[in-house]
Amino acid sequence: MILAFECDAENVAMCAPDDVSVLFEFHPIFESIPWLTRTHFLIVLAALLAIGLMYFGLRKRRLVPGKFQLVAESAFNFVDQGIAKDVIGKGGERYTPYLLSIFLFILFGNMFEVTPLVNFPVTSRMAIPAFLAIVTWFIFVIAGIAKQGLGYFGHLLWPPGVPVGLKPLVGIIEFISTIFVRPFSLAVRLFANLVAGHVMLSLLLGTAGIFVWGFIQGDLGFGKALTGGAWFILGVGIFVFEILVAFLQAYIFTLLSAVYIQTSVHPEH
Amino acid sequence: MDQAAAEALKGALAVIGYGLAAIGPGLGIGVLAGNAVQAMARQPEAAGMVRTTMFLGIAFTEALALIGFVLFFLA
Amino acid sequence: MTDVFLLAAEEAEGGGGIQFLLPEPAELYTGILAFLIVFLVMWKFAVPTMRKLMDERQAAISGQIEAANEAKAEADKLKADYEAQLAGAKGEANSIVDAARDDAETVRADLVAKAEEEAAKIREKAQADADAEMSRVLDEAKSEVAGLSVTIAEKVVGDSLDSDRQRALVEQYLNQLESE
């Protein structure tokens, strides 16, 4: 069983399910616990990997770092220097724990997409991106209120430095964009990228497997095997691309969280 | 009307709708990233600021494509 | 017909569509729990430990640089000491050589003086010897001459004279000659 759905391999160029959610929803591991699926296991595993990297990287910490420590340190410096201090500026190091958490959690969640035998990014389930986007929303709104008081919303609705005639219009756009579009786009961006990647990879590689296997079994003709080979080559190309996407989306989510926090903490920029 | 045909038509329309929704953001992100690269090439010392602003702009522009993506599933 | 229609509609509603976009509650709870644990670990353990580590490394590096500077200063001081000692030793050696040269000079002068003295002594002695010899030869020759003169005179005069008186006469004459 390569794909979870029936495929009319004789008549189609590529197997596709009628409903895309069969690629994302799994049967329960135990029949008695209907909600516990593979996804839960992978979410916890992503968290454990993030914790494990830091734990094993810092367990025997030395001034001259070992391999694990070097990886943990570069992840830390990447977020601390490259994102927190660089983007937020003064006081940015206060947000390093949160930014490092979301970066590592999303990174490991994404990397499951291109991990052989796992091949399922937990960030392609809306639960993770939505939750993290809402947490980021709370952080930047609370940071804005802490910095500017309730004038934070006032500045959004009545933006300074804009001609008076345009103020209501710009204010409404700004308010909607900050309060609603930001968390929405943050969550959907991550979700959509990983969903698209997962669909492409599973359909291309799954179809390739079915066609080539059918040819070997003698059920399908040579043309189908060739088509399967083409899908496989394309799938491998996309696989490599998805490794980049997995990293880039984790980076962009973290970077945009930092940028949003920065606009709240230093509104003058 | 045939139920299956209606479903297929709905799916096809949703795909076309998403394709249309992706045109604008695609062009916008292209222009935005191109100009950001120019700005960084002209003033490499401002690269950090340009990059941050570029990502912010991409985030705004991309929101439209993301709304299209959501509507594709809602359809 | 109506039943089939309803079933199809229900399936479309339940399977895909907006359901796919909404977070599933069970996954949301797991995600929240997992993320909170990650955040707690990062907040309480990883980031403070990392900062401590960076500070320690900074302190260690600056300490090492300081220690290296100190060691260099010490080495410089030692070098200066050695150079001073070396210069002192050179001066001492020079003075020793000078003293030795002075000593040698004195010894040489002594030796030369002694040798000259000796030579003078030898010369004096030789002179004295030569003088003594000359006076002895002269005396001998005088007495010889006196004897010969007496003999000649005897031969001439022919034994007329008392030999002793004649000798005394001649000697007196000769002494007269000498004193003149």
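Remember, it's a predicted structure, so these values are computed and weren't measured experimentally.

What follows covers the overall build of chain B. Broken down by element type, chain B carries two helices and zero strands. For a compact globule of 75 residues, the expected C-alpha radius of gyration is about 11 Å, and chain B comes in at 18 Å, more than 25% above that figure. Counting only C-alpha atoms and orienting by the principal axes, one finds that chain B spans roughly 65 × 15 × 10 Å. Expressed as a percentage of the 75 residues in chain B, the buried residues total 29%. Pairs at least 24 apart in sequence give 67% of the contacts found in chain B among residues at least 6 apart. Carbon and sulfur atoms provide 73% of the accessible area of chain B, an area that totals close to 4,500 Å².

A common way to state how big an interface is: give the accessible area lost once the parts meet. Taken together, the 45 residues of chain A in the interface contact 33 residues of chain C. Both sides of the chain A and chain C interface together cover about 3,400 Å² of buried area, and 76% of this is carbon and sulfur. Across the chain A-chain C interface, the total number found is four salt bridges. Put simply, Glu24 of chain C and Arg125 of chain A hold a salt bridge, and the shortest N to O gap is 3.2 Å. If you look at where chain A meets chain C, you find seven residue pairs in polar contact (both at pLDDT 80 or more).

What follows covers the packing of helix H6 (residues 167-217) of chain A against helix H7 (residues 222-265) of chain A. All names here are of chain A. Where H6 meets H7, the closest approach of the two axes is 8 Å, and the angle between their N-to-C directions is 165°. Comparing their axes, H7 and H6 come out roughly antiparallel. Considering only the axes of H6 and H7, their crossing is left-handed. The residue makeup of the contact of H6 with H7, split by class, is 24 nonpolar, eleven polar and four charged.

Moving on to the nonpolar core. With 97 residues, the main nonpolar core has Met54, Leu99, Leu104, Phe105 and Leu132 of chain A as its most contacted residues. Considering each element in turn, this core owes the most residues, twelve residues, to H6 of chain A. Not counting residues up to four positions away in its chain, the partners in contact with Leu132 of chain A are Tyr98, Ile102, Phe105, Ile106 and Phe253 of chain A together with Phe35 of chain C.

This part takes up the confidence of the model for chain C. Here chain C averages 84 in pLDDT, and 87% of its residues register 70 or above. Element-level mean pLDDT values for chain C span from 40 in helix H1 (residues 2-15) of chain C up to 91 in helix H3 (residues 25-157) of chain C.

For the structure shown, the criterion picks out 13 salt bridges over all chains. Linking Asp98 of chain C and Arg101 of chain C is a salt bridge whose minimum nitrogen-to-oxygen distance equals 3.7 Å. Of the two residues, Asp98 of chain C and Arg101 of chain C are both situated in helix H3; the distance of three residues between them amounts to about one turn of the helix. For Arg101 of chain C, a relative accessible area of 53% puts it in the exposed group. Of the charged contacts, one joins Glu140 of chain C and Arg136 of chain C as a salt bridge, the two residues approaching to 2.8 Å between their closest N and O atoms. In this pair, Glu140 of chain C and Arg136 of chain C both sit in helix H3, four residues apart, roughly one turn of the helix. By relative accessible area, which is 46% here, Glu140 of chain C ends up partly exposed. Members of the salt-bridge network, linked through shared partners, are Glu25 and Arg125 of chain A together with Glu24 and Glu27 of chain C.

This next bit is on the side chain of Arg125 of chain A. With respect to the helices, strands and loops of the structure, Arg125 of chain A is situated in the loop between helix H3 (96-111) and helix H4 (127-148). Its relative accessible area of 4% is what places Arg125 of chain A among the buried residues. Excluding residues within four positions of it along the chain, Arg125 of chain A makes contact with Phe24, Glu25, Thr39, Phe120 and Phe191 of chain A together with Phe20, Glu24 and Glu27 of chain C.

Attention now goes to a nonpolar patch on the surface. A cluster of nonpolar side chains, contributed by Phe184 of chain A, Leu64, Ile67, Leu71 and Leu74 of chain B together with Ile18 and Leu22 of chain C, occupies part of the molecular surface with about 590 Å² of accessible area. The element that contributes the greatest number of residues to the nonpolar patch is helix H2 (residues 47-74) of chain B, accounting for four residues. Relative to the helices and strands, Ile18 of chain C resides in helix H2 (residues 18-21). Note on Ile18 of chain C: relative accessible area 38%, which makes it partly exposed.

This part covers helix H1 (residues 3-42) of chain B. One turn of the α-helix equals 3.6 residues, which is why residues spaced by three or four share an orientation. All names here are of chain B. Spanning 40 residues, H1 covers 59 Å between terminal C-alpha atoms, matching the ideal 58 Å at 1.5 Å per step. Its axis deflected by about 25° at Ile23, H1 carries its strongest bend there, up to four residues before the proline Pro25. Among the residues of H1, Ala14, Pro25, Ala36 and Met40 are the ones counted as buried. Buried positions along H1 lie against H2. The N-terminus of H1 is capped by Asp2, whose side-chain oxygen sits 3.2 Å from the backbone nitrogen of Ala4.

Cut-offs used in this document
Residues numbered from 1 in each chain as written. Chains lettered and ligands numbered in written order. Predicted model: local features only at pLDDT ≥ 70, side-chain atom pairs only at ≥ 80, totals over all residues. Heavy atoms only, no water. Helix = DSSP H or I, 4+ residues; strand = E, 2+ residues; numbered from the N terminus. Rg over C-alpha atoms; globule rule 2.2 N^0.38 Å. Buried < 20%, exposed > 50% of the residue type's maximum accessible area, 1.4 Å probe, protein only. Contact = heavy atoms within 4.5 Å. Areas by Shrake-Rupley, 256 points an atom, 1.4 Å probe, with all protein chains shown as cover. Buried area = accessible area lost by both parts, 1.4 Å probe. Salt bridge = Lys/Arg side-chain N within 4 Å of Asp/Glu carboxyl O. Polar contact = N/O pair within 3.5 Å; in protein donor to acceptor, adjacent residues only side chain to side chain. Axes fitted to C-alpha atoms, helices over the stretch in contact; angles between N-to-C directions. Parallel < 35°, antiparallel > 145°, perpendicular 65-115°, else oblique. Left-handed = near helix turned anticlockwise from the far one by under 90°. Nonpolar A, V, L, I, M, F, W, Y, C, P; charged D, E, K, R; others polar. Core = buried A, V, L, I, M, F, W, Y, C linked by side-chain atoms within 4.5 Å. pLDDT = per-residue confidence, 0-100. Patch = residues over 30% accessible without salt bridge, like charges linked within 9 Å, V, L, I, M, F, W, Y side chains within 5 Å. Expected span 1.5 Å × (residues − 1). Bend = angle between axes of the 7 residues up to and from the residue.

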